Amino acid sequence: ISINSDFIFFSRFFAIILSALIACAALPCGAEEKTEVLRVYNWQDYINEGKDDDGAAVGESVMEMWEKDYEKRTGRKVRVQYDTFETNETMINTLKTGKTTYDLVCPSDYIIQKMINATESGSDASISVEKYDISKMENYKKYVSPYISELFEKNGWMDYAVGYMWGTVGFLYDPEDVKAADADTWDLFWNTAYKNRITCKDVSRDSYVIGALHVFKDELCKYRDMYKDGSLTRDELQKKVNAIANNTDDETIKKVGKALAEMKKNIYGFEVDTGKTDIVSGKIDANLAWSGDAVYAMNLAEEEDNKKLEFNVPSEGSTIWFDGWVMPKGANTELAQDFVDFLCKPEIAAYNMEYIGYTSVIAGDEIYDMVKSEYGDDKGKYDYDLTYFFDGTLSEDRLQNDGRVIIKTNELRRQLATQYPDEDVTARCGVMEDFGDRNEKVLEMWSSVKSNQISPVVYAVIALILVLIAALIIFSVQMRKNKRRRRRG
């Protein structure tokens, strides 16, 4: 009886231990396994990472702030896996390989269009994207600028993309060396008075658009004047600019290629990221710049040399650029949408803007207060009207002049107007589109412009010289043979 009792006791004991071990094995071991992961792919230096220029921690990153906020609201742990890229093409190629998958990526306007086209046509699953459920994006719905929202709707992006940053393309220049009137036209690139004093972007798309706007300047100026006298509506003007900026038929490509080849002879060179510092150092006097880089250069010039640079969008027209968040096929849409909506809180958007220097698509009180604090002057000479951007996103106490949003300033063509162009500027700006199957033709033209082309005459001269050299070598060898024969004889 004693043996049976002991056996039953130990059997039950081991059964309990075994059950506990099985239960432990079935549960996640450690907090890391309970943590969900959001995989984000973004441009370099394009979100507040809580670090200074030397990489030292100076505060919380936006990712850390969202992780804490999400856990507080849902009780679930989440972690952001954050990677960066340098170009749109790098990002697209990464997605195409399929080796790494992401829940969120942040491409530019024409790539967003490319990805949407691939989604709706079913032509390329590797770059297809998920749809947003905007009903769950409370901050975005409430605070996105009505101007940006309208543009996204016009371009058919509303279902697939949420805006992040935006701006214009124009000239950053030193007003002590470049006349304001000269910087008001793309002809500046071809103006021999500024030979070797200007740089252009080493980006085929931006440079192509500049070439097209130069080639069709007369038409653009006619449309601009028709808009001013009321003959064209704002939408009609933008469509006209858009059509010219994105025209890639054979004849236009040929004309643009010829114009860019001429421009190349007059400029200092092509660059992607050095122009904004070269102009501060005085190496150049003007630079084709994205508005965010222009603001960076203006601030740097003031800090280092007390120099005041200016930025202007040429009067014949230009383009507006956007970067936005899209969710690749198979993304964790719940986490992705929550993260993006967190970025759309005005206080977070302001936190980001202060760090990266670009302009958020988000409006709201915090953004308005930041802009007015940095650039406003209650005794300013000019009333700068930003109603079009902030309309419907501000508290009543920030409205004035019959509901308008006015910031008084003493400086035009400076940081305020660079970050927030007025309605006259945005009216004459189109949006770069995906060139589709015409992209190869454009790249072929661009490659020809960039290469050091040699004329057929030069090739003929080189060939003649090579023939003469070969003849001399043969003659010399033959002479040595003859000498040896004579010695033997």
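Please refer to the structure higher up on the page.
The model shown is predicted, which means the values in this text are computed figures rather than measured ones. (Residues numbered from 1 in each chain as written. Predicted model: local features only at pLDDT ≥ 70, side-chain atom pairs only at ≥ 80, totals over all residues. Heavy atoms only, no water.)

Student: I'd like a description of the packing of helix H3 (residues 62-74) against helix H14 (residues 333-343), backed by residues and values.
Tutor: Between H3 and H14, the least distance of the axes is 10 Å, while the angle of their chain directions is 115°. H3 and H14 meet at a crossing whose hand is right-handed. The residues of H14 that touch H3, namely those facing Val62, Met63, Met65, Trp66, Asp69, Tyr70 and Arg73, are Glu334, Leu335, Asp338, Phe339, Phe342 and Leu343. Here the contact of H3 with H14 is built from residues that sort into nine nonpolar, no polar and four charged. (Axes fitted to C-alpha atoms, helices over the stretch in contact; angles between N-to-C directions. Helix = DSSP H or I, 4+ residues; strand = E, 2+ residues; numbered from the N terminus. Left-handed = near helix turned anticlockwise from the far one by under 90°. Contact = heavy atoms within 4.5 Å. Nonpolar A, V, L, I, M, F, W, Y, C, P; charged D, E, K, R; others polar.)

Student: Would you mind going over a nonpolar patch on the surface in detail, with residue names and values included?
Tutor: Together, Ile465, Leu466, Ile469 and Ile473 give the surface a local cluster of nonpolar side chains, amounting to about 380 Å² of exposed area. By the element assignment, Ile465 lies in helix H21 (residues 456-488). Look at Ile465 and you get partly exposed, because its relative accessible area is 44%. (Patch = residues over 30% accessible without salt bridge, like charges linked within 9 Å, V, L, I, M, F, W, Y side chains within 5 Å. Areas by Shrake-Rupley, 256 points an atom, 1.4 Å probe, with all protein chains shown as cover. Salt bridge = Lys/Arg side-chain N within 4 Å of Asp/Glu carboxyl O. Buried < 20%, exposed > 50% of the residue type's maximum accessible area, 1.4 Å probe, protein only.)

Student: Help me get a handle on the environment of Pro421, residues and values and all.
Tutor: Mapping Pro421 onto the fold places it in the loop between helix H18 (415-419) and helix H19 (423-427). Spatially, the C-alpha atom of Pro421 lies 9.4 Å from that of Asn312, the residues being 109 residues apart in sequence. Setting aside residues no more than four positions away along its own chain, Pro421 makes contact with Trp166, Thr168, Tyr384, Tyr388 and Thr426.

Student: Which residues make up the sheet that holds strand E3 (residues 104-105), and what values go with them?
Tutor: Pairing is parallel in the open sheet, where three strands are placed in the order E2-E1-E3. Pairing within the sheet leaves two strands with one partner each, and these edge strands are strand E2 (78-85) and E3. Pairing analysis gives two bridges linking strand E1 (residues 36-43) to E3, with the strands arranged parallel. Bridge assignment links Tyr41 to a residue of E3, and that residue is Val105. Sheet strands touched by H3: E1 and E2. Its angle to E2, the strand with the most contacts, is close to 155°. Against the sheet, helix H4 (residues 88-97) contacts E1, E2 and E3, and its axis sits at roughly 145° relative to E1. (Pairing = 2+ DSSP bridges.)

Student: Tell me about the nonpolar core, residues and numbers included.
Tutor: Soluble globular proteins tend to bury their nonpolar side chains together. Judged by nonpolar contacts, the single largest core of 142 residues is most densely connected at Met115, Phe189 and Phe339. For this core, the element with the highest residue contribution is strand E5 (residues 162-173), accounting for eight residues. Not counting residues within four places of it along the chain, the set of residues in contact with Phe339 comprises Leu38, Val40, Ile47, Met63, Trp66, Val80 and Leu104. (Core = buried A, V, L, I, M, F, W, Y, C linked by side-chain atoms within 4.5 Å.)

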